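A look at the structure
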Amino acid sequence: MENLLSLWQSTGIYNFTGGQAFMMLIGFLLLFLAIKKGFEPLLLLPIGFGAILSNIPVAGIAEEGGILYYLYYGIKLGIFPLLIFMGVGAMTDFGPMLANPKTLLLGAAAQFGIFASLLGALALNAIPGLEFSLKDAAAIGIIGGADGPTAIYVASKLAPDLLGAIAVAAYSYMALVPLIQPPIMRALTTEAERKIEMQQLRVVSRTEKIVFPLMLLTLCTLLLPSAAPLVGMFALGNLMNTCGVVERLSQTAQNELINIVTIFLGLSVGSKLSAEAFLQAKTLGILGLGAIAFAIGTAAGVIMAKLMNKFSSTPINPLIGAAGVSAVPMAARVANKLGLESNPHNFLLMHAMGPNVAGVIGSAVAAGVLLSLVK
Amino acid sequence: MENLLSLWQSTGIYNFTGGQAFMMLIGFLLLFLAIKKGFEPLLLLPIGFGAILSNIPVAGIAEEGGILYYLYYGIKLGIFPLLIFMGVGAMTDFGPMLANPKTLLLGAAAQFGIFASLLGALALNAIPGLEFSLKDAAAIGIIGGADGPTAIYVASKLAPDLLGAIAVAAYSYMALVPLIQPPIMRALTTEAERKIEMQQLRVVSRTEKIVFPLMLLTLCTLLLPSAAPLVGMFALGNLMNTCGVVERLSQTAQNELINIVTIFLGLSVGSKLSAEAFLQAKTLGILGLGAIAFAIGTAAGVIMAKLMNKFSSTPINPLIGAAGVSAVPMAARVANKLGLESNPHNFLLMHAMGPNVAGVIGSAVAAGVLLSLVK
Amino acid sequence: MENLLSLWQSTGIYNFTGGQAFMMLIGFLLLFLAIKKGFEPLLLLPIGFGAILSNIPVAGIAEEGGILYYLYYGIKLGIFPLLIFMGVGAMTDFGPMLANPKTLLLGAAAQFGIFASLLGALALNAIPGLEFSLKDAAAIGIIGGADGPTAIYVASKLAPDLLGAIAVAAYSYMALVPLIQPPIMRALTTEAERKIEMQQLRVVSRTEKIVFPLMLLTLCTLLLPSAAPLVGMFALGNLMNTCGVVERLSQTAQNELINIVTIFLGLSVGSKLSAEAFLQAKTLGILGLGAIAFAIGTAAGVIMAKLMNKFSSTPINPLIGAAGVSAVPMAARVANKLGLESNPHNFLLMHAMGPNVAGVIGSAVAAGVLLSLVK
Amino acid sequence: MTEQMSRGIELMLVGMGIVFLFLIMLVVAINLMSALVQRYFPDGPATAAAASVNAGGIDKSVVAAITAAVHHYRARHK
Amino acid sequence: MTEQMSRGIELMLVGMGIVFLFLIMLVVAINLMSALVQRYFPDGPATAAAASVNAGGIDKSVVAAITAAVHHYRARHK
Amino acid sequence: MTEQMSRGIELMLVGMGIVFLFLIMLVVAINLMSALVQRYFPDGPATAAAASVNAGGIDKSVVAAITAAVHHYRARHK
Ligand code: NA
Ligand code: NA
Ligand code: NA
């Protein structure tokens, strides 16, 4: 008899809190967005599922003794995001960027979104009830980096409590890039500018591709060692791919290893989507600021491109500036799409890949600045 | 000189205990069964090898400082069985079950073996020298679930000392299903019943396959959250496979990841096959009760199928009831084989896959009950 | 303002120590050797990169909180080298050795290099400023085993401080085998001896290949359990491959798993290349002794082969003795190459593979002796 | 009969009860779900890809690639 | 304006400054490097293998093997 | 000669002794085993699958599948 009673008292129905129920719905929403809307499914599916699992009453899957509790150590110790970054590095081709280095500046300008939304977060403190510390603001700003692993890495160091919301915002807005960017790009460019055709890119030699990641890491070491973990693992992955002598390691890094870590990382991030942490005014602030960050980053990139087009010897289509926010490769595809709309013979994809990957470096650098100055 | 002496004193011959020697022979026996007899080689080979390694004198491979000691944490923390379960989920097709849901009840009935052998274990306490606690009994009973990861997960929580014997029994009897089940199935069915042909199953839509794992997890959350870790990871794997948008994660979960974890899990289980833990009357009890559990589970499934056949609108061949014990896919193949013996045109395989996978859910539910009530 | 200052004070330029700069150059040198010279790239590339990362000022990538600090636990606990050894075992074919077992003695003789360089290390203590303990000497000697995982495993147990230098020496000299061995081999053999053709090897049955790893482990258990971790994991990998019933585990062990662990192992080894540990007279000693170890091991193998050729019923080409140092498969290829120089119809590769894999066993045995006697 | 035995029997009754309750509710839920899906979201049968146990450890995507390669070849050499 | 706000603005100025400084120096370094490489180590264009994102999760080496298999077959059946 | 040196020499003698002892016993064991196996369990030569180093990191099962695909194709298009 008391078996039945204790069993009833151990059901979810008996133990559900409103918060848990709501967070599980958030989890299902993320699954819906991932599966039906195709929002970054590789990340949002595990994240959404992690949110569901960690909010199941009684089970305590995200508490000590539960699998998500232990998987989370991979984020806490900074291992998972760096391994993902290594895999991304192995999948990245710097050829287009090396063929037209000045497009790196577009990747710099677009990081303005990071710092603008950082300021925005601080400004929101004016609203009673909102209380963003400088660390919180920095972690929120990095959403504007439009780069998942970087955002998770920084958030796990500066504001673990906001990690869930920040990761969700980062990946959601990356998926929304095709909706967020075009209006801004159209608003800031003339039809004539969008028609601009760019010169065919030169072919980049293998040696250059091998030397580049080492050069990047060296520069990072000299100027901004606080960015070295991110830049270093990224460079390692890229070198493994370009050097051509460790093909089996490169393949594993960009396939099985990154897949395994992606599953674990997603679940662990989801485990941070608890009611206490997520159901706060802060979260709305984060979502709002994230959108602003993407918008401002896009605008800054486009404006920078217009400027450069003025002074550059070779023509630059301002649309590719928007790719500077990273969000590889969606942002580059968006630039290509808008280019084709104005001029059916104008293929900007390769030209946009330069600023696109430059944006990854740019946000890693910005992350380094924040990690070294925000204490 | 004292070098030679200390060397002699560090040889296995000098240090062997009878128990270690015997357990190494058990290990070799398991390897023989795995390699020559094809008994669940993917698990029994690593388990057998783990048993050999952990019983090598002096080396201390399963003690602090040894690799098996550290690998075992993957079981102790419940990580390995759940990752295997995720992979199994990704390899499972619920189509046949969704096409004929009432066969789920066969998967319920067959779990009777779990509780019968639980009682059996308690009854054995009457024998002087045998001393099974309720936790022990529950862990032994779960052998009747005929599902490896579930048995290991439950045993690691309720009776770590019996883990080795329980895992060995579970996998051995799964391999013996083609020997254990047929006599029972023949004894309980008439030739006429075995001849029964079942209706062609309808085709199940992809949407249903995507919704099902989420529905399953929701129900588990509401009724029996203590089963959520098992059911949840199983549902995650299944969703990754059916949703179709994270194919690379699904492939990794059902190939490289499950392979890696299988090697580690097997070795760690084997490391629990120490003389102190295994060379006890208890072990004989476990082996005996495991066989009983499989037999009773099979019988219960068949009888349930006969009942349903009486009242069901569409004919049900009682043979498929035996597949309810899970032991995927052997039990389903056995049902198919016996069906063909009685009627060469009667292919029951797909019909038996329904109760077969339902049995996996059934034993996970039973595991949840035991984990929440046996404290 | 003080932002800018603190930022300047956090740059690498500001914080660089001479030692770090030098070690980073060592790292780049290793990358150069790996990529341009093809020196064991699978290991030396990650090791070199690890050296660079761990010597970046401020970042502290190899200190608590940094990824290399945590990855190093895989070596500290002895897990990584053993997993690599398992994978190597799965990739090893003992066929040629089983077809001509007496070539095992060549694998024994070649281990003389290990103990000779051990003595050499102790002799160097005569030089003021050099201070090798017996443990140091043993760890250095194992370089002569010409087997990476074994060297790393032993060094991590006996002399963690020397791990970096020892691993670098071991892999570098393995890569240099085609330069180190030929002169020695020519000096110790006559043209006539190099011309010797050997009898076609018999075909080895699958059963023999399945039984062998188990026999090897049993012998190791009886005689030298301290070698059991190495020999055991090697035997496990080999058995998984030869038994044929766990193909998916074997494939994973020799592909994805070994690749993942290789990346982690290489980075962790590199993280031990710190200025304090590496910039010492000891390191020069290690590099020198390593070369000596390879040379003496090669010589011992060749001389043993000449002896055996005298007394053996079937002819033995002394060149294959050099393959006894292991360094699989380079040493065997070298023997084959020199054989072809003297006699274009004389293919020694398969005959040299026997002593080559025997050398792996030989160095594992030697490692066991050192681990059990040097305390 | 020992107190432990009686707990065991109670456990059996409760346990089997829950198992049946759970799976019966699952049957109901599935029937409901299938009806709704077939009514409101008919999307044709599941793709083979989404089904079937992946036995050999060999990647579906690989098989796909092979099939593709061979088909494509066949197409070009009619 | 709050002290925090002013820190934020300072952070923005410094931050964007560093980002630009870093990437400008990278541009310079790349131009230098490319010039040197093309001058002293010309090695022809990068191999396709070394470039491009590996999307489908299917191994380049596998694709290679398939292509090889099919080519080889084609060759033998001209 | 230092005490350490003498320990080293002793270590060398013992060590090489053990290495030879171990491998000689292994030779004996192998000869015995091979004789027994060939006498009582003759099973024909090892399959290629069971042998050889897997270099390229590409799955034997994949190669098998490719070969199969191509063969099968060839068979159907004689
Ligand atoms: Na960015
Ligand atoms: Na079951
Ligand atoms: Na060796």
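This section reports on the structure supplied with the text. For clarity, every value in this text was computed on a predicted model and none was experimentally measured.

So, about the overall build of chain A. If you tally the helices and strands in chain A, you get 22 helices and zero strands. At 22 Å, chain A has a C-alpha radius of gyration in line with the 21 Å of a compact globule built from 375 residues. Projected onto its principal axes, the C-alpha positions of chain A cover 85 × 50 × 40 Å. Long-range contacts, defined as pairs at least 24 residues apart, comprise 77% of the intrachain contacts of chain A with a sequence gap of at least 6.

Along chain D, the regular secondary structure elements total two helices and zero strands. Counting every atom, chain D has about 4300 Å² of accessible surface; 70% of that belongs to carbon and sulfur.

With that settled, the discussion passes to the interface of chain A and chain E. With 54 residues of chain A in contact, the opposing surface of chain E contributes 42 residues. Buried surface at the junction of chain A and chain E, summed over both partners, amounts to about 4100 Å²; 76% is from carbon and sulfur atoms. Run the count over chain A and chain E and you get zero salt bridges. Counting across the chain A and chain E interface gives four residue pairs in polar contact (both at pLDDT 80 or more). Contributions of two or more residues to the side of chain A that touches chain E are made by α8 (95–99), α9 (104–109), α10 (112–124), α15 (206–223), α16 (228–243), α17 (247–254) and α22 (349–373) of chain A.

Right, let's get into helix α15 (residues 206–223) of chain B. Since the α-helix packs 3.6 residues into each turn, any two residues three or four apart lie on the same face. Residue and element names in this part refer to chain B. For α15, built from 18 residues, the straight-helix expectation of 26 Å at 1.5 Å per residue is met to within 8% by its first-to-last C-alpha distance of 26 Å. Of all the bends in α15, the largest measures some 25° and sits at Phe212, one to four residues before the proline Pro213. Of all 18 residues in α15, 14 are buried; the element is thus mostly enclosed.

Below, the discussion takes up the interface of chain C and chain F. Between chain C and chain F, the contact holds 54 residues from the first and 42 residues from the second. Of the roughly 4100 Å² buried between chain C and chain F on both sides combined, carbon and sulfur atoms contribute 76%. Ranking the residues of chain C by area buried against chain F places Phe115(C), Leu119(C) and Leu219(C) at the top, with a combined share of 12%. Where chain C packs against chain F, one counts zero salt bridges. Run the count over chain C and chain F and you get five residue pairs in polar contact (both at pLDDT 80 or more). Residue assignment for the side of chain C that touches chain F shows that the elements contributing at least two residues are α8 (95–99), α9 (104–109), α10 (112–124), α15 (206–223), α16 (228–243), α17 (247–254) and α22 (349–373) of chain C. Per-element tally for the side of chain C that touches chain F: the top contributor is α15(C), with eleven residues. Partitioned by chemical class, the residues of the side of chain C that touches chain F number 35 nonpolar, twelve polar and seven charged.

Right, let's talk about the nonpolar core for a bit. By size, the foremost hydrophobic cluster in this structure holds 524 residues, and its most contacted members are Phe212(A), Phe212(B), Phe212(C), Leu26(D), Leu26(E) and Leu26(F). When residues of this core are assigned to their parent elements, the largest contribution, 16 residues, is made by helix α13 (residues 163–188) of chain A. Non-local contacts of Phe212(B), meaning those with residues more than four positions away in its chain, are made with Phe94(B), Met97(B), Leu98(B), Ile361(B), Leu26(D), Ile30(D) and Met33(D).

Two numbers describe a pair of packed helices, the interaxial angle and the distance between the axes. Residue and element names in this part refer to chain B. Close contact between helix α10 (residues 112–124) and helix α11 (residues 134–141) brings their axes to 8 Å; oriented N to C, the two are set at 140°. Remark: the crossing between α10 and α11 carries right-handed chirality. Across from Ile114, Ser117, Leu118, Ala121 and Leu122 in α10, the residues of α11 making contact are Leu134, Ala137, Ala138, Ile140 and Gly141. Across the contact of α10 with α11, the residue classes tally to eight nonpolar, two polar and no charged.

Applying the stated criterion to the full structure yields 24 aromatic pairs over all chains. A centroid spacing of 5.8 Å and a plane angle of 75° characterise the contact between Phe94(A) and Phe234(A), whose relative ring orientation is edge-to-face. One end of the pair, Phe94(A), is in the loop between α7 (79–91) and α8; the other, Phe234(A), is in helix α16, with 140 residues separating them in the sequence. With respect to class, Phe94(A) is no different from Phe234(A); both count as buried. Arranged with centres 5.8 Å apart and planes meeting at 50°, the rings of Tyr173(B) and Phe294(B) form a pair that is tilted. Taken together, the residues Tyr173(B) in helix α13 (residues 163–188) and Phe294(B) in helix α20 (residues 281–311) connect sequence positions 121 residues apart. You can call Tyr173(B) buried: its relative accessible area is 12%.

What follows covers the coordination of the sodium ion (ligand 2). Each donor-metal-donor angle in an ideal tetrahedron of four donors is 109.5 degrees, and each such angle in an ideal octahedron of six donors is either 90 or 180 degrees. Residues and elements named next belong to chain B. Each protein donor to the sodium ion (ligand 2) is listed here as Gly145 (O), Val325 (O), Ser326 (OG), Gly359 (O) and Ser363 (OG); together their distances run 2.4 to 3.0 Å. Taken in chain order, the donor set of the sodium ion (ligand 2) reads G-x179-V-S-x32-G-x3-S. One end of the pair, Ser326, is in the loop between α20 and α21 (330–342); the other, Ser363, is in helix α22 (residues 349–373), with 37 residues separating them in the sequence. When sorted by exposure, Ser326 lands in the same class as Ser363, which is buried.

Moving on, we come to a nonpolar patch on the surface. A cluster of nonpolar residues, Leu5(A), Trp8(A), Ile13(A), Tyr14(A) and Leu222(B), forms a patch on the protein surface that exposes about 480 Å² of accessible area. Of note, Leu5(A) is situated in helix α1 (residues 2–8).

Residues and elements named next belong to chain C. Coordination of the sodium ion (ligand 3) by the protein is provided by Gly145 (O), Val325 (O), Ser326 (OG), Gly359 (O) and Ser363 (OG), with metal-donor distances spanning 2.4 to 3.0 Å. Here the donor residues of the sodium ion (ligand 3) share one chain and are spaced in sequence as G-x179-V-S-x32-G-x3-S. Of this pair, Gly145 sits in the loop between α11 (134–141) and α12 (148–158) while Gly359 sits in helix α22, and the two are 214 residues apart along the sequence. Note on accessibility: Gly145 and Gly359 belong to one class, buried.

We now examine the packing of α17(C) against helix α18 (residues 256–270) of chain C. Residue and element names in this part refer to chain C. Two elements in contact, α17 and α18, have axes separated by 3 Å at closest approach and are oriented at 25°. The pairing of α17 with α18 is recorded here as roughly parallel in orientation. Counted together, Gln251, Thr252, Ala253 and Gln254 of α17 and Glu256, Leu257 and Ile258 of α18 form the full contact between these two elements. Grouping the amino acids of the contact of α17 with α18 by side-chain chemistry returns three nonpolar, three polar and one charged.

Residue and element names in this part refer to chain B. When you line up the elements, Ser271 lands in the loop between α18 (256–270) and α19 (275–278). Between the C-alpha atom of Ser271 and that of Tyr69, which follows or precedes it by 202 residues, the distance is 7.8 Å. Aside from chain neighbours lying at most four places away, what touches Ser271 is Gly50, Ser54, Ala62, Leu68 and Tyr72. At a separation of 2.5 Å, a polar atom in the side chain of Ser271 contacts the main-chain carbonyl oxygen of Ser268.

In this structure, Pro329(A) follows Val328(A) across a cis peptide bond, with omega equal to -10°. Mapping Pro329(A) onto the fold places it in the loop between α20 (281–311) and α21 (330–342). A positive phi angle, near 50°, is found at Ala146(A), a position not held by glycine. Mapped onto the elements of the fold, Ala146(A) is located in the loop between α11 (134–141) and α12 (148–158). Overall, Ala146(A) belongs to the buried group, its relative accessible area being 1%. Not every positive phi belongs to a glycine, and Glu40(B) is a case in point at roughly 30°.

Attention now moves to the environment of Ile263(A). Checked against the element boundaries, Ile263(A) lands in helix α18 (residues 256–270). For Ile263(A), a relative accessible area of 0% puts it in the buried group. Linking Ile263(A) and Arg186(A), residues 77 residues apart in sequence, is a C-alpha distance of 37 Å. Other than its neighbours up to four places away in sequence, Ile263(A) contacts Pro46(A), Met86(B), Met240(B), Leu249(B) and Ala253(B).

What counts, and at which threshold
- Residues numbered from 1 in each chain as written.
- Chains lettered and ligands numbered in written order.
- Predicted model: local features only at pLDDT ≥ 70, side-chain atom pairs only at ≥ 80, totals over all residues.
- Heavy atoms only, no water.
- Helix = DSSP H or I, 4+ residues; strand = E, 2+ residues; numbered from the N terminus.
- Rg over C-alpha atoms; globule rule 2.2 N^0.38 Å.
- Contact = heavy atoms within 4.5 Å.
- Areas by Shrake-Rupley, 256 points an atom, 1.4 Å probe, with all protein chains shown as cover.
- Buried area = accessible area lost by both parts, 1.4 Å probe.
- Salt bridge = Lys/Arg side-chain N within 4 Å of Asp/Glu carboxyl O.
- Polar contact = N/O pair within 3.5 Å; in protein donor to acceptor, adjacent residues only side chain to side chain.
- Expected span 1.5 Å × (residues − 1).
- Bend = angle between axes of the 7 residues up to and from the residue.
- Buried < 20%, exposed > 50% of the residue type's maximum accessible area, 1.4 Å probe, protein only.
- Nonpolar A, V, L, I, M, F, W, Y, C, P; charged D, E, K, R; others polar.
- Core = buried A, V, L, I, M, F, W, Y, C linked by side-chain atoms within 4.5 Å.
- Axes fitted to C-alpha atoms, helices over the stretch in contact; angles between N-to-C directions.
- Left-handed = near helix turned anticlockwise from the far one by under 90°.
- Phe/Tyr/Trp six-rings, centres within 6.5 Å; stacked < 30°, edge-to-face > 60°.
- Donors = N, O, S within 2.8 Å, 3.2 Å for Na, K, Ca; no water.
- Patch = residues over 30% accessible without salt bridge, like charges linked within 9 Å, V, L, I, M, F, W, Y side chains within 5 Å.
- Parallel < 35°, antiparallel > 145°, perpendicular 65-115°, else oblique.

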